[in-house]
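Observations on chain architecture
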Amino acid sequence: MKLSVWTYEGPPHVGAMRVATGMRGLHYVLHAPQGDTYADLLFTMIERREERPPVTYTTFQARDLGADTADLFRTACRDAVERFAPQAIIVGASCTAELIQDDPGGMAETMELDIPVIALELPSYQRKENFGADETFYQIVRHLARPMERTARVSCNILGPTGLGFRHRDDVAEITSLLADMGVEVNVTAPMGASPQDLTGLGRAHFNVLLYPETAEAAARWCEKELGQPFTRIVPIGVGATRDFVAEVRALAPAATAPSEEGLRLPWYSASVDSTYLTGKRVFLFGDATHVMAMARVARDEIGFDVVGLGCYNREFARPLRALAREYGVEAIVTDDYLEVEQTIEALAPEMIMGTQMERHIGKRLGIPCAVISAPVHVQDYPARYSPVMGFEGANVLFDTLVHPLVMGLEEHLLHMFRDDFEFHDAAGPSHHGGGAARAESAGGASPPGPPEDISGKMNGADALVWLEAAERELKKIPFFVRGKARRNTEAFAAQRGVQEISVDTLYEAKAHYAR
Amino acid sequence: MTDMAPLPARGCGATPVLKERGQREVFCGLTGIIWLHRKMQDAFFLVVGSRTCAHLLQSAAGVMIFAEPRFATAILEETDLAGLADAQDELDREVARLLARRPDIRQLFLVGSCPSEVIKLDLAKAAERLTRAHAPHVRVLNYSGSGIETTFTEGEDACLASMVPALPETSERALLLVGALPDVVEDQALALLSALGIDAVRCLPARRSDDTPAIGPNTVFALCQPFLGETHAALRRRGARPIPAPMPFGEEGTTQWLAAIARDFGVSAERFEAVTAAPRARARRAVAAAAETLKGRSVFFFPDSQLEIPLARFLVRECGMEAIEIGTPFLHREIAGPDLDLLPEGPVISEGQDVDLQLDRARAARADLTVCGLGLANPLEAQGLATKWSIELVFTPVHFYEQAGDLAALFARPLRRKARLKIEAAE
Ligand code: SF4
Ligand code: SF4
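Note that the structure is a prediction, hence the values are computed from the model and not measured. (Residues numbered from 1 in each chain as written. Chains lettered and ligands numbered in written order. Predicted model: local features only at pLDDT ≥ 70, side-chain atom pairs only at ≥ 80, totals over all residues. Heavy atoms only, no water.)

**Describing the overall build of chain A**
- The number of helices and strands found in chain A is 20 helices and 15 strands.
- Across the 516 residues that make up chain A, the buried fraction comes to 58%.
- For chain A, the share of sequence-separated contacts (at least 6 apart) that also reach a separation of at least 24 residues comes to 72%.
- Of the roughly 21,500 Å² of accessible surface on chain A, 51% is carried by carbon and sulfur atoms. (Helix = DSSP H or I, 4+ residues; strand = E, 2+ residues; numbered from the N terminus. Buried < 20%, exposed > 50% of the residue type's maximum accessible area, 1.4 Å probe, protein only. Contact = heavy atoms within 4.5 Å. Areas by Shrake-Rupley, 256 points an atom, 1.4 Å probe, with all protein chains shown as cover.)

**Here we look at the overall build of chain B**
- Helix and strand content of chain B: 17 helices and 14 strands.
- Referenced to the eigenvectors of the C-alpha coordinate spread, the extents of chain B come out at roughly 65 × 60 × 40 Å.
- The 427 residues of chain B split such that 63% are buried.
- Counting contacts in chain B only where the partners sit at least 6 residues apart, residues at least 24 apart contribute 76% of the total.

**So, the sheet that holds strand S8 (residues 219-223) of chain B**
- Taking strand neighbours across the sheet as the criterion, the four strands line up as S7-S6-S8-S9 (chain B) in an open arrangement whose pairing is parallel. Among the strands making up the open sheet, the edge pair consists of strand S7 (201-204) and strand S9 (241-242) of chain B. (Pairing = 2+ DSSP bridges.)

**Here we look at the site of ligand 1**
- The local shell around ligand 1 holds 13 residues, among which Gly35(A), Asp36(A), Cys28(B), Cys53(B) and Cys114(B) are the closest.
- Among the secondary structure elements, those contributing two or more residues to the shell around ligand 1 are helix H2 (51-61) and helix H5 (114-118) of chain B.
- Residue classes in the shell around ligand 1 are distributed as seven nonpolar, five polar and one charged. (Near = heavy atom within 4 Å. Nonpolar A, V, L, I, M, F, W, Y, C, P; charged D, E, K, R; others polar.)

**Some words on the pattern of salt bridges**
All names here are of chain A.
- Taken as a whole, this structure holds 52 salt bridges over all chains when the rule is applied.
- Put simply, Arg 153 and Glu 185 hold a salt bridge, and the shortest N to O gap is 3.4 Å. Placement of Arg 153 in the loop between helix H6 (129-144) and strand S6 (155-159) and of Glu 185 in strand S7 (residues 185-190) is noted, with a sequence separation of 32 residues between them.
- You can call Arg 153 exposed: its relative accessible area is 51%. (Salt bridge = Lys/Arg side-chain N within 4 Å of Asp/Glu carboxyl O.)

**Quick look at the interface of chain A and chain B**
- Counting residues at the interface gives 64 residues for chain A, matched by 67 residues for chain B.
- Contact with chain B buries area across many residues of chain A, yet Met1(A), Leu3(A) and Trp6(A) alone supply 16% of it, more than any other trio.
- Applying the counting rule to chain A against chain B returns five salt bridges.
- The partner of Asp336(A) in a salt bridge is Arg51(B), and the shortest N-O contact between them spans 3.7 Å.
- Summed over the shared surface of chain A and chain B, the number is 22 residue pairs in polar contact (both at pLDDT 80 or more).
- For the side of chain A that touches chain B, the secondary structure elements donating two or more residues are strand S1 (2-4), helix H1 (12-22), helix H2 (39-46), strand S3 (55-57), helix H3 (69-84), helix H4 (95-100), helix H14 (338-348) and helix H15 (357-366) of chain A.
- Of all the elements, H2(A) adds the most residues to the side of chain A that touches chain B, at five residues.
- Residue classes in the side of chain A that touches chain B are distributed as 31 nonpolar, 16 polar and 17 charged.
- Both S1(A) and strand S3 (residues 71-75) of chain B contribute to a ladder of three bridges, which runs antiparallel. Pairing of Ser4(A) across the sheet is with Thr73(B), part of S3(B). (Buried area = accessible area lost by both parts, 1.4 Å probe. Polar contact = N/O pair within 3.5 Å; in protein donor to acceptor, adjacent residues only side chain to side chain.)

**Description of the packing of aromatic side chains**
- Tallied over the entire structure, the rule returns 13 aromatic pairs over all chains.
- The ring of Tyr328(A) carries the charged tip of Arg300(A) above its face, separated from the ring centre by 3.8 Å.
- Arg173(B) extends its terminal NZ or CZ atom over the ring of Phe265(B), reaching a point 4.0 Å from the ring centre. (Phe/Tyr/Trp six-rings, centres within 6.5 Å; stacked < 30°, edge-to-face > 60°. Lys NZ or Arg CZ within 6 Å of the ring centre and 35° of its normal.)

**So, the sheet that holds strand S14 (residues 387-389) of chain B**
Residues and elements named next belong to chain B.
- Spatially, six strands are ordered S1-S12-S11-S10-S13-S14 in an open sheet, and the strand pairing comes out parallel. Strands with a single pairing partner mark the edges of an open sheet, and in this sheet they are strand S1 (17-21) and S14. On average, each strand axis in the sheet is tilted by 20° relative to the strand beside it, whichever way the strands run.
- When strand S10 (residues 298-301) meets strand S13 (residues 369-372), the two strands line up parallel, connected through three bridges. From the neighbouring strand, Phe 300 faces S13, where its bridge partner is Thr 370. (Axes fitted to C-alpha atoms, helices over the stretch in contact; angles between N-to-C directions.)

**Examining the side chain of Glu135(A)**
- Of note, Glu135(A) is situated in helix H6.
- No salt bridge is formed by the buried Glu135(A). Its closest oppositely charged neighbour is Arg142(A), at 6.9 Å. (Lys, Arg positive; Asp, Glu negative; His and termini not counted.)

**Thoughts on the pairing of strand S9 (residues 282-287) of chain A**
Residue and element names in this part refer to chain A.
- Burial of S9 is extensive: five of the six residues sit out of reach of the surface.
- Note: S9 against strand S10 (residues 306-312), six bridges, orientation parallel. By the bridge assignment, Val 283 is partnered in S10 with Val 307.
- Remark: the S9/helix H12 (residues 289-303)/S10 crossover connection has right-handed handedness.
- One ladder, built from three bridges, connects S9 with strand S12 (residues 352-355); its direction is parallel. Bridge assignment links Leu 285 to a residue of S12, and that residue is Met 354. (Right-handed = clockwise from strand over helix to strand, strands pointing away.)

Written as structure tokens, this is what we have:
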């Protein structure tokens, strides 16, 4: 039993839904109680999908238990095939149905439906959403794809994009056009946009581009083994990684040409003087391992940040993530407990977080700006405009994404100069940057959250410290957006030295100590 | 008692109900935790369930209220499924840890889920044991919010019903208001009742456990929500007597609801008129503003919260709408009776759901406004139907006079929006 409040990943059947919803012509018959239908709203609300996810839930009730839940499943299955006329169905159980052991896969197989029936075994009490997506896609590919003659011109499949993915829509467009620019055709993109029929033709491609290892690595490995298709290891997030990806593609497809870098602006933007102020900003990264590993490189090598810590919530990728952390000289945290992530962030006190929507909230509480770089997603992660994070345009988008939350360059100086101006007094707060006041976020609707509750229960170490009046006054002169940090640093400095009373001198000694 | 609009010649009281038993697209009772934990300020809700349950709560909340909320899920793992005895021990351990960290907690609800029920994890026994262990500071209760037992708002019903047997006994003649209302709305009701001279009023649930109401044979109770059937029955078993009335939505609903109580307490007609005249007039004016948009428009309700019948009554009688179908997940004849009697004959009343068939009906009907859950709203909008998300109706203050206008406006907004957007080229 594990106490959980907010989770980074849903149950594995939600992963299966992400595959089914991404595809066309596939239907998912899910043995599940009525409440599990909440998952539809993830797709219709967060992703603003115009269609219901292609899922039929059996919605068995207590009175059906022991009597005819199996019958319910068969009826639901038959009705779904009739109504939606899918090319294939996947069938499986949610956590509750797993316990009643009706064996949906076995039942569906004996129903003599004239379409492929793909049974899913997703252990709900052990695994999570990403595993569910990966396993589901693998099963579908394994059932449908066969070796076949390659296309005459060099082509690849793009594997991994699903429903409810972080920027999948635009990443696919960007990478498809990058590949086109190189003279490589895309045979099938899957799961997103593909039908079961399309998947039968996967084998025509010369190789696979694995865009999202979290959701398609098992399928890519199977294709490598059974269809003889090598797959790309590099995820093209950032300039360096995109160039490496290009090299990898060219090694797999010698006929491919170099793509144009004409629209690429990140390198110059990073080099231009305004960006001087980005140098050495301390950042912490958290999210799915793939995005975190790629973004660490962008942060350090392409923006000039200091990576002070990183982590991921998907244990499946703990090993490569830890290896990368060692290379960056930092500690990796692998956990799906957001309280642990929050504690880590608090202890590291970074100047910016690159994280998920969870870390955005953590950042709000701690007064640290956050750029969102990974799922789990939120309606904000589906911008109306084109905003990939992969490829060269993706790199441009990343520059904006990472710089926007920070008070920028010259502006920072101006704020210093005008710090006594009425516009910059405490109560004014920043007008749109998330970094300033750690105000409680409105819950929307009718019930605004109360004051933040103390979640740690631990004593605030600063309790014993006293700020002398003059020091307190001096502290108030520091611009509001760095004041919290100044206070924390000074207190930590004082505590380290066993100083009980903080004077103006202590404040400036601390400033000197932390200055770099 | 006062100038009430007459009952329709034929209400829906005797209308045959279309009963459906198919695939449902509704939340389970766990969802109620989202508003219950905000209402009961010293209560904690511990769901004993799966990752799905945790994910549901997070998704239904829509946003994450990021201070640690007063709810959590104890996620069952493989080992818990293997040995139930160990699961009980685990639960004890998790609860002890939680209560140590949260000394502000005075009531703990162990909330059953589908998985905990299917494996027959006895939460009643656990609650008893834990109450003994943590008395007197914390009382531990249990109820089921599982999807195999409860639909959406039935979770609140199960929660309140679980509290009833433990309520202290009294012989005081008092009124009990039943249902978790936002504090501001509850205060309005208390002020109105007090102005009527009814001061012995208690609320279930209370905001804090110190204010837990006592009940007994001289308690009369008025439901503020239509979905409280189990609580209704449990209160009766304790000897309390219900005051049947339409639900206090809109000017008319609020007036009739208050009037039923006033009659029971022997309030004079003059006093009733004096107290309610001004807020009634205000409510009518406020409703009239939104009703301009709603008048003559048709509405189709998917089943969701059991609020559908009283809300349809409000929309038809006070806003001039025409109801095509009113779906409800469950029809409690006794409780819904007064609202059904007011609702003019005409609409299909459906109970339960077969969502694909119902979608077919909704698409055929093409009502001006379709009231449905979040999973269906955008797909219907994409087909050109204006929709109102039903979940907002349970999260937003909508009861009594001062909210009558807001309630009408909630339904008017999607229509106003649809009328306002002009995205085609001007030409
Ligand atoms: S329907 Fe059952 S399993 Fe699903 S979220 Fe609700 S209680 Fe949990
Ligand atoms: S927060 Fe204020 S100062 Fe900073 S960019 Fe926005 S408007 Fe300019």
